[in-house]
Amino acid sequence: MDYKSLAKKIFDITGPEENILQASHCMTRLRLQLRHATPEMQIQLQSLEGVLGINATDDDLQIILGPGAAGQTTAALQALVQTAGAGQAAQTNPINQPSRNNRENTRNTEAADNMENAESITKQTGEKKYSIGDGKKLHADIRAKNATPFKLLLKKISGIFIPLIPGFIACGLITGLLNLLLKSEPALADMAWIKMLAIMGNAIFYGMNLFVGFNAAKEFGGSPILGGILAAVITHPALKDIMLGSEQLQPGRGGIIAVLLVTAFGAWLELRLRKIIPTMLDLLLTPLLTILIAGFAALFILQPIGGMIATAIGDGVTIAIHEGGAMTGFILGGLWLPIVMLGIHQAMTPIHVQLIQEYGVTLLLPILAMAGCGQIGACLAVYFKTKNKFLKKTILSALPVGIMGIGEPLIYGVTLPLGRPFITACIGGAFGGAVQAAFSIGSSAIGISGLPLTTVTSQPLIYLLGILTSYIAGFALTWLAGFDEPEEPQAS
């Protein structure tokens, strides 16, 4: 795939450059914040080769490209926008800060554009009057309606853990494949190279608190290195030699939850200190006071609180799955895709990590992974039942990545637009989730799903049985429920 060519086509559809306010990406999607977006724009983007699907939200236009492709295409698009903006000194560069020489012209151009935007949106909403040139404030107010504290928190959590996903995948696969090898050849366990591989597989979790502390401080607005140091303080092995009264301190107590609490407080404290400490003393006193104050607060207050929360999460998940069994798995597997579409699924990442740190596996991920498997079964039923050639082609192109755990193309390109297949796919995932919960299948890694997750599960054969169950249930229910046959798209 020529990602530069794809980025150019996306730019031609969504541009010019002043229309693109921001271009970013997650693991599988290019996310665009646009001044103006139209339904025709989405149709054109969907028709591009390499685009697996489109999802438009109140916040942004999400172009589903798949892992790897999303990052490379985003980088190429950002370069295009930067180049186009640099060639027009009087226009705003939407990705990068304009140079000092161009800022005045930029402000003038923005004022003209914003006046038009303000007048247009005021007419549409009839809610709030804005003065001439107030378009930037208007844009901020509109986005603020969607920026609820909970959504902003989820975005921060996503920003903390998404950079760690490649590490989860690499170390998880090493651990999973190594476990499969040792199950068949236990005598290899004492070999030096096996022990080296075991260290590589465990490395992400050995340094997890430090990685999370570094990223969390950055997301919360503090200095990343101070976040890493605070995480190291509550993880330090020497804590076990310290007694507070009759209680012995525990290195790493509270795991990821404690790290998030400590680094959030540390970042908040650092920002407050910078406002009151004289500039000439800032570099000397702010880091020192942040570590001292936040460090003692962590050991005496925040780490114990984090420990209680982490224990409650672990006990709650364990009890729910062990006591609820298949019914718990059925409910979680069936509701997961709607939860993803609401955008609150990022909250599960720290829970997965906490469970792996505490128990060695997360019992939730194999259950939730079945939601995507239900989509596979439903789409196979649609493929064999429909006479629509374009729909068949869409399914065939998206099935391979769906089987590998990337379900967005099938969701947004097939089942969701058809309606009933989306519901039957969710129910198919529920049946698979019931199988995973009934046998308490755990995963020792996150970041992968679908068939690849098999290698890191506690019982690969049972996990595969759950996948097969989701496929069959999703297929059968979709075949029986049917769907309205879509019309073939008109040739342009």
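See the structure shown above.
If you're wondering where the values come from, they're calculated on a predicted model, not measured in any experiment.

### Regarding the nonpolar core
Logical step 1: Ranked by internal contacts, the top residues of the largest apolar core, which has 57 residues, are Phe161, Phe168, Met208, Val212 and Val414.
Logical step 2: Among residues more than four places away in sequence, those in contact with Val414 are Cys379, Val382, Leu391, Thr394, Ile395 and Pro409.
Logical step 3: With 22 residues, the next largest nonpolar core counts Leu6, Ile10, Phe11 and Met41 among its residues.

### Here we look at the sheet that holds strand β2 (residues 29-34)
Logical step 1: Spatially, four strands are ordered β1-β2-β4-β3 in an open sheet, and the strand pairing comes out antiparallel. Across the chains shown, the open sheet's two edge strands, defined by having one partner strand only, are β1 (20-25) and β3 (53-56). Between one strand and the next, the sheet's axes are offset by a mean angle of 20 degrees, whatever the strand orientation.
Logical step 2: Bridge count between β1 and β2: five bridges; the pairing is antiparallel. Across the sheet, Gln22 pairs through a bridge with Gln33, a residue of β2.
Logical step 3: Against the sheet, helix α1 (residues 3-14) contacts β1, β2 and β4 (61-64), and its axis sits at roughly 25 degrees relative to β2.

### Focus: a nonpolar patch on the surface
Logical step 1: Together, Ile242, Leu244, Leu261, Leu288, Leu292, Ile293, Phe296, Phe300, Ile301, Ile305, Met308 and Ile309 give the surface a local cluster of nonpolar side chains, amounting to about 1100 Å² of exposed area.
Logical step 2: Here the nonpolar patch gets nine residues from one element, more than from any other, and that element is helix α12 (residues 279-342).
Logical step 3: Mapping Phe300 onto the fold places it in helix α12.

### Observations concerning the packing of helix α15 (residues 389-403) against helix α16 (residues 408-418)
Logical step 1: Packing of α15 against α16 leaves a shortest axis separation of 8 Å and a crossing angle of 135 degrees. Judged on the interaxial angle alone, α16 and α15 are oblique. In the packing of α15 onto α16, the handedness of the crossing is left-handed. Where α15 approaches α16, its residues Leu391, Thr394, Ile395, Ala398, Leu399, Val401 and Gly402 are matched on the opposing element by Pro409, Leu410, Gly413, Val414 and Leu418.
Logical step 2: A class-by-class count of the residues in the contact of α15 with α16 yields nine nonpolar, three polar and no charged.

### Quick word on the pattern of salt bridges
Logical step 1: Per the stated rule, a full pass over the model turns up five salt bridges.
Logical step 2: Here Arg253 and Glu247 are joined by a salt bridge, their closest N and O atoms 3.4 Å apart.
Logical step 3: Residue classification places Arg253 among the partly exposed residues on the basis of a relative accessible area of 25%.
Logical step 4: When its relative accessible area of 42% is taken as the criterion, Glu247 is described as partly exposed.
Logical step 5: Of the charged contacts, one joins Arg420 and Asp484 as a salt bridge, the two residues approaching to 3.8 Å between their closest N and O atoms. Of the two residues, Arg420 sits in helix α17 (residues 420-438) while Asp484 sits in the segment after α18 (460-481), which places them 64 residues apart along the sequence.

So, how was this worked out
Residues numbered from 1 in each chain as written. Predicted model: local features only at pLDDT ≥ 70, side-chain atom pairs only at ≥ 80, totals over all residues. Heavy atoms only, no water. Core = buried A, V, L, I, M, F, W, Y, C linked by side-chain atoms within 4.5 Å. Buried < 20%, exposed > 50% of the residue type's maximum accessible area, 1.4 Å probe, protein only. Contact = heavy atoms within 4.5 Å. Pairing = 2+ DSSP bridges. Helix = DSSP H or I, 4+ residues; strand = E, 2+ residues; numbered from the N terminus. Axes fitted to C-alpha atoms, helices over the stretch in contact; angles between N-to-C directions. Patch = residues over 30% accessible without salt bridge, like charges linked within 9 Å, V, L, I, M, F, W, Y side chains within 5 Å. Areas by Shrake-Rupley, 256 points an atom, 1.4 Å probe, with all protein chains shown as cover. Salt bridge = Lys/Arg side-chain N within 4 Å of Asp/Glu carboxyl O. Parallel < 35°, antiparallel > 145°, perpendicular 65-115°, else oblique. Left-handed = near helix turned anticlockwise from the far one by under 90°. Nonpolar A, V, L, I, M, F, W, Y, C, P; charged D, E, K, R; others polar.

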